[in-house]
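A structural walkthrough
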Amino acid sequence: MTRTVLVTGVARHIGARVASVLASDPGISRVIGVDTVPPPTPARDGGPAPGGVPLGRTEFVRVDLRSPDIAQVIAAADIDTVVHVDLMSAPRALMKEHNVIGTMQLLGACQRSPLIRRVVVRSTTEVYGSSARDPAVFTEDAEPPETPSHGFAKDAVEVEGYVRGFARRRPDVTVTTLRFADFMGPGVDSPLTRYFGRPVLPTVLGFDPRLQFVHEDDGVEVLRRVTMEDHPGTYNVAGDGVLLLSQCVRRAGRPTMPLPSPAFGVLGELAGRVGLADFSPEQIRLMCHGRAVDTTRLADELGWKPKFTTAAAFDDFLRSLGRDADGGPLAALIGRIEEEFGR
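Residues numbered from 1 in each chain as written. Predicted model: local features only at pLDDT ≥ 70, side-chain atom pairs only at ≥ 80, totals over all residues. Heavy atoms only, no water.

A word on the overall build of the chain
- For the chain, the helix and strand inventory stands at 12 helices and 13 strands.
- Taken across its 343 residues, the chain has 51% of its residues classed as buried.
- Surface exposure of the chain reaches about 15,100 Å², of which carbon and sulfur atoms provide 55%. (Helix = DSSP H or I, 4+ residues; strand = E, 2+ residues; numbered from the N terminus. Buried < 20%, exposed > 50% of the residue type's maximum accessible area, 1.4 Å probe, protein only. Areas by Shrake-Rupley, 256 points an atom, 1.4 Å probe, with all protein chains shown as cover.)

A short note on the environment of lysine 154
- Structurally, the position occupied by lysine 154 is in helix α4 (residues 151–169).
- Remark: the alpha-carbon pair of lysine 154 and glutamate 282, spanning 128 residues in sequence, is separated by 9.5 Å.

Digging into the sheet that holds strand β3 (residues 59–62)
- Strands sit in the order β3-β2-β1-β4-β5-β6-β11 across an open sheet of seven strands; the sheet is parallel. The sheet is open, and its two edges are formed by β3 and β11 (233–237), each paired on a single side. For this sheet, the mean angle separating the axes of adjacent strands, direction not counted, is 20°.
- Here strand β6 (residues 174–180) runs beside β11; their pairing, made up of five bridges, is parallel. Within the sheet, the bridge partner assigned to arginine 179 lies in β11 and is asparagine 236.
- Against the sheet, helix α6 (residues 216–228) makes contact with β1 (3–8), β2 (28–35), β4 (81–84), β5 (118–124), β6 and β11, and its axis sits at roughly 170° relative to β6, the strand it touches most. (Pairing = 2+ DSSP bridges. Axes fitted to C-alpha atoms, helices over the stretch in contact; angles between N-to-C directions. Contact = heavy atoms within 4.5 Å.)

What to know about the confidence of the model for the chain
- Averaged over the chain, the pLDDT score is 87; the fraction of residues at 70 or greater is 85%.
- Confidence drops under a pLDDT of 50 for residues 326–335, and excluding neighbours within four residues, the segment shows 11 contacts in the predicted structure. (pLDDT = per-residue confidence, 0-100.)

Considering the nonpolar core
- Core analysis: the biggest nonpolar cluster contains 31 residues, and Val7, Val83, Leu178 and Leu223 have the highest contact counts within it.
- Those elements that provide at least two residues to this core are β1, α1 (13–23), β2, β6, α6, β11 and α10 (296–302).
- Of the residues forming this core, the biggest block, six residues, is contributed by α1.
- Excluding residues within four positions of it along the chain, leucine 178 makes contact with Val120, Val121, Arg122, Ser123, Thr124, Val222, Leu223, Val226, Tyr235 and Val237. (Core = buried A, V, L, I, M, F, W, Y, C linked by side-chain atoms within 4.5 Å.)

Examining the pairing of β5
- Counting buried positions along β5 yields seven of seven residues, so the element is predominantly enclosed.
- Of the two faces of β5, both are covered, the one formed by Arg118, Val120, Arg122 and Thr124 as well as the one formed by Val119, Val121 and Ser123.
- Sheet topology places β4 next to β5; four bridges connect them, and they run parallel. Within the sheet, the bridge partner assigned to threonine 81 lies in β5 and is arginine 118.
- Read as a crossover between parallel neighbours, the route from β5 over α4 to β6 is right-handed. (Right-handed = clockwise from strand over helix to strand, strands pointing away.)

Some remarks on the side chain of aspartate 25
- Checked against the element boundaries, aspartate 25 lands in the loop between α1 and β2.
- Buried and without a salt bridge, aspartate 25 has arginine 224 as its closest oppositely charged side chain, separated by 4.2 Å.
- If we skip the residues at most four places from it in the chain, aspartate 25 touches Arg57, Arg224 and Met228. (Lys, Arg positive; Asp, Glu negative; His and termini not counted. Salt bridge = Lys/Arg side-chain N within 4 Å of Asp/Glu carboxyl O.)

A few points about the pattern of salt bridges
- For the coordinates displayed, the defined rule picks out 24 salt bridges.
- Of the charged contacts, one joins arginine 164 and glutamate 160 as a salt bridge, the two residues approaching to 3.7 Å between their closest N and O atoms. A residue pair is termed a helical-turn pair when its members lie 3 or 4 positions apart in one helix, as arginine 164 and glutamate 160 do in helix α4 at four residues.
- Residue classification places arginine 164 among the partly exposed residues on the basis of a relative accessible area of 46%.
- Between glutamate 221 and arginine 224 there is a salt bridge whose closest N-O contact spans 3.0 Å. Of this pair, glutamate 221 and arginine 224 both sit in helix α6, separated by three residues, roughly a single helical turn.

Side note on the packing of α1 against α6
- Between α1 and α6, whose axes approach to 10 Å, the crossing angle comes to 50°. Classed by the angle they form, the pair α1 and α6 counts as oblique. As α1 packs across α6, the resulting crossing turns out to be right-handed. Across the interface between the two elements, His13, Ile14, Arg17, Val18, Val21 and Leu22 of α1 pack against Glu216, Asp217, Val220, Leu223, Arg224 and Thr227 of α6.
- Per-class residue counts for the contact of α1 with α6 are six nonpolar, two polar and four charged. (Parallel < 35°, antiparallel > 145°, perpendicular 65-115°, else oblique. Left-handed = near helix turned anticlockwise from the far one by under 90°. Nonpolar A, V, L, I, M, F, W, Y, C, P; charged D, E, K, R; others polar.)

Let's talk about unusual backbone geometry
- Residues other than glycine seldom take positive phi values, yet aspartate 78 does so here, at roughly 55°.
- Here aspartate 78 is to be found in the loop between α2 (69–76) and β4.
- Judged by its relative accessible area of 45%, aspartate 78 falls in the partly exposed class.

Structure, rendered in structure tokens:
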């Protein structure tokens, strides 16, 4: 079936990649990409410039999701599928209004459109929070011991609430919510990738959190699949396995600076003011308690698993920084032992 797909957030890396892969699919008649600013221009040779992804036949429309204009775009282009990946974790001053109000406007426009048949929403595993009372792994139906009460994680919780409300009001629409672990890969720019890019890595004294990552290639592929196929429901998306922060540090070959948690937060704020890493309260909790999720539902429903494990996704990110993915011979040996005994 031919489709006309609207993709939000095409000025950012993941949104641009999703629009590009959908535009290359002959089963899709049109791809409309929207954002508040134009996407970065790719290099003239057809390859991606830094920050730029070739969008192929994607048609760009400049529109703010918070504006009622998004309803006009959906109506004018006869959109039947919406892929909403435009959730931002920074800057904090604009984050909530963009994430929550923008999603409300988008879903309101979808609700009024009789042509809409599928809605895909990018969410985050941050909806589970991070605390000392967390289970070993979160399933999609698990209730977090402490519901996130601020920042990007709280926005994601509210966004998911509006998505569930939309699904109840439009039972004729296939609604899919994907809760992604932290993205890793050569093109990913996030607070966590910026953290691992620093020459010295501050850590929280007394904690060694478990971390999970999803490679950007796998993230784009699962978004493509649920755009083309009916998979209603909510799914965790992460690479197999976990890495302790200490394992990440050894792979990166970087020294650490253990700090008490209050000092870690102060350092994050100071670093943010000069354009370095900026640690929000929820990121500080992650660096204390970590988080891991179960992805069985995704594998069972889609019959597909990410190609990259958590460790492989992190190693690919390190290679993009021009570092050895193993941090040196000793770290390579330790990494191999960890992987062997972790099977």
